[in-house]
Amino acid sequence: MLTEAVLNLAKETDPLNKKIQIRPLNIDLDVPVIHPWYQMDYASFWNMQHLNLEQTKRFYAEGKKSKTLFACIGLYEGKPAFVMEYYPPQHEEVGKHYPVQSGDIGMHFFVGPAEKHIPNFTRDVIRSVMAYLFFTRHAKRVVVEPDVKNKKVHKLNLKVGFKYDRIIQLAEKEAYLAFCSVHDFLNTLDGRSTL
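Read on for a plain summary of the structure. (Residues numbered from 1 in each chain as written. Predicted model: local features only at pLDDT ≥ 70, side-chain atom pairs only at ≥ 80, totals over all residues. Heavy atoms only, no water.)

1. Considerations on the environment of His108
Thinking step 1. As for its position among the elements, His108 is in strand S4 (residues 104-111).
Thinking step 2. On a C-alpha basis, the gap between His108 and Val144 in space is 7.0 Å, while along the polypeptide they are 36 residues apart.
Thinking step 3. Setting aside its immediate chain neighbours within four residues, His108 contacts Trp46, Val83, Met84, Glu85, Tyr87 and Glu145.
Thinking step 4. In this structure the side chain of His108 is engaged in a polar contact, spanning 2.6 Å, whose partner is the side chain of Glu145. (Helix = DSSP H or I, 4+ residues; strand = E, 2+ residues; numbered from the N terminus. Contact = heavy atoms within 4.5 Å. Polar contact = N/O pair within 3.5 Å; in protein donor to acceptor, adjacent residues only side chain to side chain.)

2. With respect to the environment of Cys72
Thinking step 1. With respect to the helices and strands, Cys72 occurs in strand S2 (residues 70-76).
Thinking step 2. In this structure, the C-alpha to C-alpha distance between Cys72 and Ile22, residues 50 residues apart in sequence, is 6.4 Å.
Thinking step 3. Dropping the residues within four chain positions of it, Cys72 is found in contact with Ile22, Arg23, Pro24, Leu25, Phe82, Val83, Met84, Tyr86 and Tyr132.

3. Brief notes about a positive patch on the surface
Thinking step 1. On the surface, Lys151, Lys152, Lys155 and Lys159 cluster together into a patch of positive charge.
Thinking step 2. The exposed category is assigned to Lys152, whose relative accessible area is 70%. (Patch = residues over 30% accessible without salt bridge, like charges linked within 9 Å, V, L, I, M, F, W, Y side chains within 5 Å. Areas by Shrake-Rupley, 256 points an atom, 1.4 Å probe, with all protein chains shown as cover. Salt bridge = Lys/Arg side-chain N within 4 Å of Asp/Glu carboxyl O. Lys, Arg positive; Asp, Glu negative; His and termini not counted. Charge placed at Lys NZ, Arg CZ, Asp CG, Glu CD. Buried < 20%, exposed > 50% of the residue type's maximum accessible area, 1.4 Å probe, protein only.)

4. Topic: the side chain of His35
Thinking step 1. Mapped onto the secondary structure, His35 falls in helix H2 (residues 27-38).
Thinking step 2. Accessibility expressed as a relative area gives 12% for His35, which makes it buried.
Thinking step 3. At a separation of 3.2 Å, a polar atom in the side chain of His35 contacts the side chain of Gln39.
Thinking step 4. Apart from the residues within four sequence positions on either side, His35 is in contact with Leu51, Asn52, Leu53 and Thr56.

Rendered as structure tokens:
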């Protein structure tokens, strides 16, 4: 349970970009928009370049039905700008590499191609994702397993409070295992972060 002081801190600092909104993914409406993103060169870490549109729809439909993957679309000024997935780590490969705790939520996010440069946009996206997971989905801890070669995402993860634990070998990649508590996240918003 978050203390009143911690919640007040989040309200006082108010560091979230108000132009960003997150809602559940609508498979028929949103997947045709995001599928071309996954075909771009920089999407290689997403591991979905081999899927066609119907396979991508099926991937999200099966995840939703089985309750092992929940997908959201992130909007910027009302237009699709990023995808966020969250999942119960005990049902995924990463859950075999550490003792899963109650309240753990796994997360992936992918930012679509920009129409124009917006300073600090990816930082704002990951802040919004983390706030959504902690304050809407009530995560106690967020877990990530980014590819060791994805240097850009490592910098972003550190900026929002992730603590890197160790390298693990997953079926499709060598990955870092990292964790973030709500307190570590909030500490990055009020200036106490060492980054």
